[in-house]
Amino acid sequence: VNADNNPDAFGLGDSRLEYGDGRYGAYYHVHSDSGHEGDTLKWVDAATGAESTGWSWGCSHSMSNLLRYNAAIDTFMPACVTDCYPGTSGDFETESIGGIYLNHDDSKVLDVDAGCNGDVAGELGGAALAPDGFKLVFNAHQAPVTLGQASYDESSMNQDIGFSSVAGDLEAGAVVWLTSTPDVDEADASIAGWQPADDPAEQYVVGWFEPPSTYFLARVDPAGSFIEGPTDVSSLVAWGHRDDPFRVAPNGDVVWAWFD
């Protein structure tokens, strides 16, 4: 808990736990005593259990979260989707805007239409460890962003899968769109590094869900260009909604679990 907020109302936001550099990071949605939604980042020392606070109130409203640690650069990457702050300045009705941000408000990946009222046209997927940073995937719409609550019109929006390279200083690169399907709303993206024995080139396995029941896997290079796929793997595997499941096992396999 914090002085004016606590973890509650988990109908929105996410909870993420990550270990690195001798500490655990916990990044999760909180509800303020005055009735607002945000997120907090907590650190717990692995040896002593001592707790400290990265921030008590971050993205607001905090709609989805990620937290990954890359030992190669000794860096944690917190990411959030917000439907309001940071970004909005002025009256919600005419000036609201959402976005995908890194480390609370240090870097912005993408602006998205939003209403400061729970409506937001973007959602985080997963993040992979790169040699010098991270690779981030998410779903959002490609149409130009406009301000105000009227900008969020679900009937005219289309969700595609986006890819962004994040540097070690948590600066986000340009968005590469992995899908461009006007009549399909993809979601639930995840990503992990992949190093096959017969191909030493840096590459990543990416997956996403296409409603109502189709799952795709693909391989992409560090810039987000396709090496293989996308391939329909629905007869073989699935994964959960917005749960960032893909991880690299000690033997190099990409693994995940899901509840069927």
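Since we're looking at a predicted model, the values are computed, not measured. (Residues numbered from 1 in each chain as written. Predicted model: local features only at pLDDT ≥ 70, side-chain atom pairs only at ≥ 80, totals over all residues. Heavy atoms only, no water.)

Student: Summarise the sheet that holds strand β15 (residues 204-210); cite the residues concerned and give the values.
Tutor: Reading across from one edge, β14-β15-β16-β17 is the order of the four strands in this open sheet, with antiparallel pairing throughout. Of all strands in the sheet, those with a lone pairing partner are β14 (187-193) and β17 (226-232), marking the two edges. Each strand of the sheet is rotated relative to its neighbour by a mean of 15 degrees, with strand direction disregarded. Relative to β15, β14 runs antiparallel, the two being bridged by five bridges. (Pairing = 2+ DSSP bridges. Helix = DSSP H or I, 4+ residues; strand = E, 2+ residues; numbered from the N terminus. Axes fitted to C-alpha atoms, helices over the stretch in contact; angles between N-to-C directions.)

Student: Help me get a handle on the nonpolar core, residues and values and all.
Tutor: Formed by 20 residues in total, the largest nonpolar core has its most connected members in M77, I100, L124, L136 and F138. Counting only elements with at least two residues in this core, the list comes to β6 (60-70), β7 (75-85), β8 (98-102), β9 (107-112), β10 (122-130) and β11 (133-140). Of all hydrophobic cores here, the second largest spans 14 residues; its members include A128, A189, V206 and F216. (Core = buried A, V, L, I, M, F, W, Y, C linked by side-chain atoms within 4.5 Å. Buried < 20%, exposed > 50% of the residue type's maximum accessible area, 1.4 Å probe, protein only.)

Student: Please set out the pairing of β17 residue by residue, giving values where relevant.
Tutor: Regular strands place their side chains on alternate faces of the sheet. Sheet topology note: the strand β16 (residues 214-220)/β17 ladder contains four bridges and is antiparallel. Within the sheet, the bridge partner assigned to V220 lies in β17 and is F226.

Student: Tell me about the state of the cysteines, residues and numbers included.
Tutor: Counted under the stated rule, the structure contains two disulfides. C59 shares a disulfide with C80; S-S distance 1.9 Å. The disulfide joining C59 to C80 has a torsion of about -60 degrees about its S-S bond and is therefore left-handed. Remark: C80 occurs in strand β7 and C59 occurs in the loop between β5 (51-55) and β6; sequence separation between them is 21 residues. By the burial criterion, C59 is buried, and C80 matches it. The disulfide bridge from C84 ends at C116, spanning 2.1 Å between sulfur atoms. Where C84 bonds to C116 through sulfur, the torsion about that S-S bond is close to 85 degrees, and the disulfide is right-handed. Note that C84 is positioned in strand β7 and C116 in the loop between β9 and β10, a separation of 32 residues in sequence. There is no split in this pair, since C84 and C116 are both buried. In the protein chain, the bonded cysteines, taken in the order they occur along the sequence, pair up as 1-2, 3-4. (Disulfide = S-S within 2.5 Å.)

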